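What follows is the residue order along each chain.
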Amino acid sequence: MGNKSLTLIGLGPMGQAMVNTYLDNGYQVTVWNRTAAKAEPLVARGAVLAPTVEEALAANELVVLSLTDYDAVYAVLEPAAGSLSGKVVANLTSDTPEKAREAAAWAAKHGAKHLTGGVQVPPPLIGKPGSSTYYSGPKDVFDAHEEALKVLTEADHRGEDAGLAAMYYQAQMTIFWTSMLSFYQALALGQANGVTAQDLLPYAKMQFAMMPHFLDLYAQHVDTASYPGDVDRLAMGAASIDHVTHTHADAGVNTTLLDAVSAIFHAGMDKGFAENSFSSLIEILKKQAG
């Protein structure tokens with residue numbers, strides 16, 4: 001059994017869920033938050049409130065951060081940077097991959113080791129089966145603290161590059177937010193035609209249930225940079241998205257999202273991909289050479 005003590009900085013809903021989970025699992029948790037009153041229920045359960053960031057850092061080797069963004073990380077840690085030496089910072093704050101890499105370099109400059117974390121679940125699912133967090137950074141550091149990190153969620157180490165956990169997290173969020181917007185777009189069309197969200201719900205679920213087949217097929221296309229038009233053709237897809245956009249416009253529904261999708265389809269057509277698969281649109285979206 002490893003050392004069952006750590007420090008957690010940041011007591012928003014996610015941070016509070018994390019502290020409660022650690023307390024439930026017999027950990028001694030030192031906490032700090034800019035608004036100390038947020039710690040009162042946790043202190044009542046056995047957490048220790050550090051009066052300063054320096055004292056919070058001094059209390060334990062493992063320091064878990066749950067803050068709004070990396071600007072908040074620096075706002076909290078920079079004044080106490082002299083207390084970072086020898087610490088392992090598990091930074092579960094959401095931000096960009098580049099900012100994660102910069103934070104890892106900054107931590108190293110002050111003698112600390114940095115693990116980037118991307119939590120894949122909302123606060124109510126912390127500590128629950130099936131939850132997971134992406135991690136990246138030094139594998140030996142991850143291995144040394146994996147037991148403590150897995151109290152919160154399953155821990156999926158994605159590589160040594162500090163930015164990878166943030167990249168995986170933001171990739172997942174890209175899918176989530178755009179998928180949810182497409183759902184709302186469909187519901188808006190339904191409402192305009194007197195159909196409720198509950199009426200459309202089983203058909204939306206059916207559509208999402210079909211997606212793994214397409215994901216498997218198109219991931220293979222993208223990794224091989226081969227976009228055969230044997231199953232689908234972009235020309236057909238471009239005509240379909242035009243029909244979709246016109247349907248929403250005729251119903252008086254906002255078409256901002258659909259206009260953006262249509263623009264990408266037609267950019268692919270302009271590139272000569274009409275007879276290729278819909279997956280050829282990766283060539284429009286991906287980072288261009290040079």
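Please refer to the structure placed before this passage.
Trainee: Would you take a moment to explain the nonpolar core for this structure?
Mentor: For soluble globular proteins, the rule of thumb is that nonpolar side chains tend to be buried together. Met18, Val19, Val29 and Val64 are the most contacted members of the largest nonpolar core, which totals 32 residues. Going through the elements one at a time, strand S1 (5-9), helix H1 (13-24), strand S2 (28-32), strand S4 (62-65), strand S5 (88-91), strand S6 (113-119) and helix H6 (139-149) are the ones with two or more residues in this core. Broken down by element, the residue count for this core peaks at six residues, all from H1.

Trainee: What is the right way to read the side chain of Thr255 from this model?
Mentor: If you trace the backbone, Thr255 turns up in the loop between helix H9 (234-250) and helix H10 (256-270). In this structure Thr255 comes out as buried when scored by relative accessible area, which is 16%.

Trainee: When you look at the packing of aromatic side chains in this model, what are you seeing that I'm missing?
Mentor: For any pair of aromatic rings, geometry is given as the distance between the ring centres together with the angle between the planes. According to the stated counting rule, one finds nine aromatic pairs in the structure shown. Both rings, one in Tyr218 and one in Phe278, keep their centres 5.7 Å apart while their planes meet at 80°; by these two values the pair is edge-to-face. Residue Tyr218 is located in helix H8 (residues 197-224), and its partner Phe278 is located in the loop between H10 and helix H11 (282-285); the two are separated by 60 residues in the primary sequence. The exposure class assigned to Tyr218 is buried, which follows from its relative accessible area of 16%. Given the relative accessible area of 35%, Phe278 is considered partly exposed. Arranged with centres 5.4 Å apart and planes meeting at 20°, the rings of Phe265 and Phe278 form a pair that is stacked. Taken as a pair, Phe265 in helix H10 and Phe278 in the loop between H10 and H11 lie far apart in primary sequence, 13 residues in all. By the ring-pair criterion, three or more aromatic residues cluster together here, those being Phe214, Tyr218, Phe265 and Phe278. Directly above the aromatic system of Tyr168 lies the positively charged group of Arg158, at a separation of 5.1 Å from the ring centroid.

Trainee: How do you make sense of the pairing of S2 when you look at a structure like this?
Mentor: Side-chain direction in a regular strand flips from residue to residue, so the side chains alternate between the two faces of the sheet. For S2, the tally of buried residues reaches four of five residues, placing the bulk of the element in the interior. Where S1 and S2 come together, five bridges link them in parallel fashion. Bridge pairing in S2 places Leu6 opposite Val29. Each parallel crossover has a hand, and for S1 linked through H1 to S2 it is right-handed. Taken together, the two bridges between S2 and strand S3 (residues 48-49) define a ladder with parallel strand orientation. Bridged to Thr30 within S3 is Val48.

Rules and cut-offs
- Residues numbered from 1 in each chain as written.
- Predicted model: local features only at pLDDT ≥ 70, side-chain atom pairs only at ≥ 80, totals over all residues.
- Heavy atoms only, no water.
- Core = buried A, V, L, I, M, F, W, Y, C linked by side-chain atoms within 4.5 Å.
- Buried < 20%, exposed > 50% of the residue type's maximum accessible area, 1.4 Å probe, protein only.
- Helix = DSSP H or I, 4+ residues; strand = E, 2+ residues; numbered from the N terminus.
- Phe/Tyr/Trp six-rings, centres within 6.5 Å; stacked < 30°, edge-to-face > 60°.
- Lys NZ or Arg CZ within 6 Å of the ring centre and 35° of its normal.
- Pairing = 2+ DSSP bridges.
- Right-handed = clockwise from strand over helix to strand, strands pointing away.

Shape is all these values report; function is a separate question.
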